[in-house]
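Here is how the chains run, residue by residue.
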Amino acid sequence: MSTEGGGRVGQVREVTSLANPLVKDIKALALKKFRDQQNAFLAEGLKLVIDALDLGWTIRTLVFAKSGLGNPAVERAAARTVAAGGTVLEVTEKVLSAITRRDNPQMVVGVFEQRYLPLKAVRPAGEDVWIGLDRVRDPGNLGTVIRTADAAGAKGVILIGDTTDPFATETVRATMGSIFAVPVARTSLEGFLDWRKGFSGLVAGTHLKGAVDYRTVRYSGRPALLLMGNEQQGLPEALAAACDVLVRIPQAGRADSLNLAVATGVMLFEARRAALSLPGGAA
Ligand SMILES: C[S@@+](CC[C@H](N)C(=O)[O-])C[C@H]1O[C@@H](n2cnc3c(N)ncnc32)[C@H](O)[C@@H]1O
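Note that the coordinates shown come from a computational prediction; the quantities given were computed from them, not determined experimentally.

Asks: What should I look at first to understand the domain arrangement of the protein in this one?
Replies: The figure often quoted for interface size is the accessible area lost as the parts come together. Domain parsing of the protein yields domain 1 (12–113) and domain 2 (119–275). Computed from C-alpha atoms alone, the centre-to-centre distance between domain 1 and domain 2 is 32 Å. Contacts between the two partners involve 13 residues from domain 1, matched on the other side by eleven residues from domain 2. In total, domain 1 and domain 2 occlude about 1200 Å² of area from one another, counting both sides; carbon and sulfur atoms represent 62% of this. The tally of links between domain 1 and domain 2 comes to two salt bridges. The salt bridge partner of Glu44 is Arg173, with a shortest N-O separation of 2.7 Å. Among the secondary structure elements, those contributing two or more residues to the side of domain 1 that touches domain 2 are helix H2 (32–38), strand S2 (40–44) and helix H3 (46–54). Looking at the side of domain 1 that touches domain 2 element by element, the count peaks at four residues for S2. When the residues that make up the side of domain 1 that touches domain 2 are grouped by side-chain class, the tally is eight nonpolar, one polar and four charged.

Spelled out as structure tokens, the structure:
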């Protein structure tokens, strides 16, 4: 394989065996225990890997299928991995399938270092919008919220209490790459309540018993945090009591609530309406 500059990438290792210890370590990243031990996670697909490199995430290993040989974009990613001190593995389809647990895996997989924003670094200003997620359980919901936060221009997500892992492969897949663009902080319930005391912007909790229509709240002109409840239990009393307002999204029909990620999307696009409005207005 040649590097971007036309030289050779000397550090590429060819791996064909599932018993290879490097492959075993990467496969183990399917489990949270090993992700935490290694402080690492998997991102699948060349676009995601390139986005992550562009955004300054630390790559440990780039894995690519033999079919990627000669692909200039793969070669550039490999050269960047080596330049960053990482390892490049050229593997068989069988090895790549085993790593991703998929029959038709992407041609490229990256192993990246996990990264959380410390809660004390979360200081919303101006018209920043942040999302607080209470004990989110479902990886698909968390990934979709992170993707939607990215699309709506929210500044980041605070995970509160015992939540699902933002670096689980299923979550990363659902973010479609936004995991690399949206800062994620995590904290306990107590840690959040403590942080909230120092936050003078709007905390809008979403609640099925909320007395206020979510469209009547002024989100602009100050920083805002949208607080979303757990999928089964909704917001606990301690979090509801910490909100400036409890809002409800009016519903029709028989469904008793919206899906968490859908409710977050509705809230986000309302809170960011002014910032997102297109020039020209209504036709
Ligand atoms: C699936 S719902 C939780 C339902 C739960 N059984 C309850 O009693 O709250 C998950 C979260 O989405 C938000 N949510 C869903 N539908 C909503 C609505 N109509 N109005 C306000 N928030 C809503 C809330 O944050 C809620 O805690």
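Asks: Please explain the packing of aromatic side chains as it appears in this structure.
Replies: The description of two aromatic rings rests on the distance between their centres and on the angle between their planes. Counted according to the given criterion, the structure contains ten aromatic pairs. Measuring from centroid to centroid gives 5.0 Å for Trp57 and Phe180, while their planes differ by 85 degrees, and the two rings are edge-to-face. Note that Trp57 is positioned in the loop between H3 and strand S3 (59–65) and Phe180 in the loop between helix H7 (169–175) and strand S8 (184–187), a separation of 123 residues in sequence. Grouping residues by exposure puts Trp57 and Phe180 together as buried. The interplanar angle of 20 degrees and the centroid separation of 5.2 Å between the aromatic rings of Trp195 and Phe199 together place this pair among those described as stacked. Of the two residues, Trp195 and Phe199, both sit in the buried class. In this structure an aromatic cluster arises from ring pairing among Phe41, Trp57, Phe112, Tyr116, Phe167 and Phe180. We note Arg115 situated over the ring of Trp57; from NZ or CZ to the ring centre the distance is 4.4 Å. A cation over an aromatic ring shows up here: Arg186 above the ring of Tyr116, its NZ or CZ 3.7 Å from the ring centre.

Asks: Explain the pattern of salt bridges here, please?
Replies: Pairs can form between side chains of opposite charge whenever their charged atoms are close. Tallied over the full model, the rule gives 14 salt bridges. For Arg196, the salt bridge is made with Asp244, and the minimal N-O distance between the two is 3.0 Å. In this pair, Arg196 sits in helix H8 (residues 189–197) while Asp244 sits in the loop between helix H9 (237–240) and strand S12 (245–248), placing the two residues 48 residues apart along the sequence. Linking Arg215 and Asp213 is a salt bridge whose minimum nitrogen-to-oxygen distance equals 2.7 Å. Its relative accessible area of 47% is what places Arg215 among the partly exposed residues.

Asks: Help me out: how do you make sense of the layout of surface pockets in this one?
Replies: Where empty space is left becomes clear once a probe the size of a water molecule has been rolled over the atoms. For the largest pocket, the calculated volume is near 440 Å³. Lining the largest pocket are 20 residues, and of these Thr206, Leu208, Gly234, Ser257 and Leu258 lie nearest its centre. The set of elements that each furnish at least two residues to the lining of the largest pocket consists of S12 and helix H10 (260–271). Grouping the constituent residues of the lining of the largest pocket by class yields eight nonpolar, ten polar and two charged. Looking at the second largest pocket, its volume works out to about 200 Å³. Around the second largest pocket, the lining residues are Glu44, Gly45, Leu46, Lys47, Leu48, Arg102, Gln106, Val172, Arg173 and Met176. Of all the secondary structure elements, the ones that give two or more residues to the lining of the second largest pocket are H3 and H7. Residue contributions to the lining of the second largest pocket peak at three residues, all from H3. Residue composition of the lining of the second largest pocket, grouped by class: four nonpolar, two polar and four charged. Here the lining of the second largest pocket gathers at least three residues from each of two domains, domain 1 (12–113) and domain 2 (119–275).

Asks: What is the right way to read the side chain of Thr169 from this model?
Replies: Positionally, Thr169 belongs in helix H7. Discounting residues that sit within four places of it in the chain, Thr169 has contacts with Arg35, Leu42 and Glu44.

Asks: Is there a simple way to explain the sheet that holds strand S4 (residues 87–91) in this structure?
Replies: Note: strands within a sheet are paired through backbone hydrogen bonds, in either parallel or antiparallel orientation. Strands sit in the order S1-S4-S3-S5-S2 across an open sheet of five strands; the sheet is mixed. Strands with a single pairing partner mark the edges of an open sheet, and in this sheet they are strand S1 (12–15) and S2. Across the sheet, the mean angle from the axis of one strand to that of its neighbour is 20 degrees, orientation sign disregarded. Of the strands in this sheet, S2, S3 and strand S5 (108–113) are in contact with H3, which crosses S5 at around 30 degrees. Helix H5 (residues 93–100) rests against S1, S2, S3, S4 and S5 of the sheet, and its axis sits at about 130 degrees to S3.

What counts, and at which threshold
- Residues numbered from 1 in each chain as written.
- Predicted model: local features only at pLDDT ≥ 70, side-chain atom pairs only at ≥ 80, totals over all residues.
- Heavy atoms only, no water.
- Domains from an automatic or database assignment.
- Contact = heavy atoms within 4.5 Å.
- Buried area = accessible area lost by both parts, 1.4 Å probe.
- Salt bridge = Lys/Arg side-chain N within 4 Å of Asp/Glu carboxyl O.
- Helix = DSSP H or I, 4+ residues; strand = E, 2+ residues; numbered from the N terminus.
- Nonpolar A, V, L, I, M, F, W, Y, C, P; charged D, E, K, R; others polar.
- Phe/Tyr/Trp six-rings, centres within 6.5 Å; stacked < 30°, edge-to-face > 60°.
- Buried < 20%, exposed > 50% of the residue type's maximum accessible area, 1.4 Å probe, protein only.
- Lys NZ or Arg CZ within 6 Å of the ring centre and 35° of its normal.
- 1 Å grid on protein atoms, 1.4 Å probe; cavity = no way out; pocket = protein on both sides within 12 Å on 5 of 7 lines; lining within 4 Å.
- Points joined across faces, edges and corners; volume = space filled by probe spheres on them.
- Pairing = 2+ DSSP bridges.
- Axes fitted to C-alpha atoms, helices over the stretch in contact; angles between N-to-C directions.

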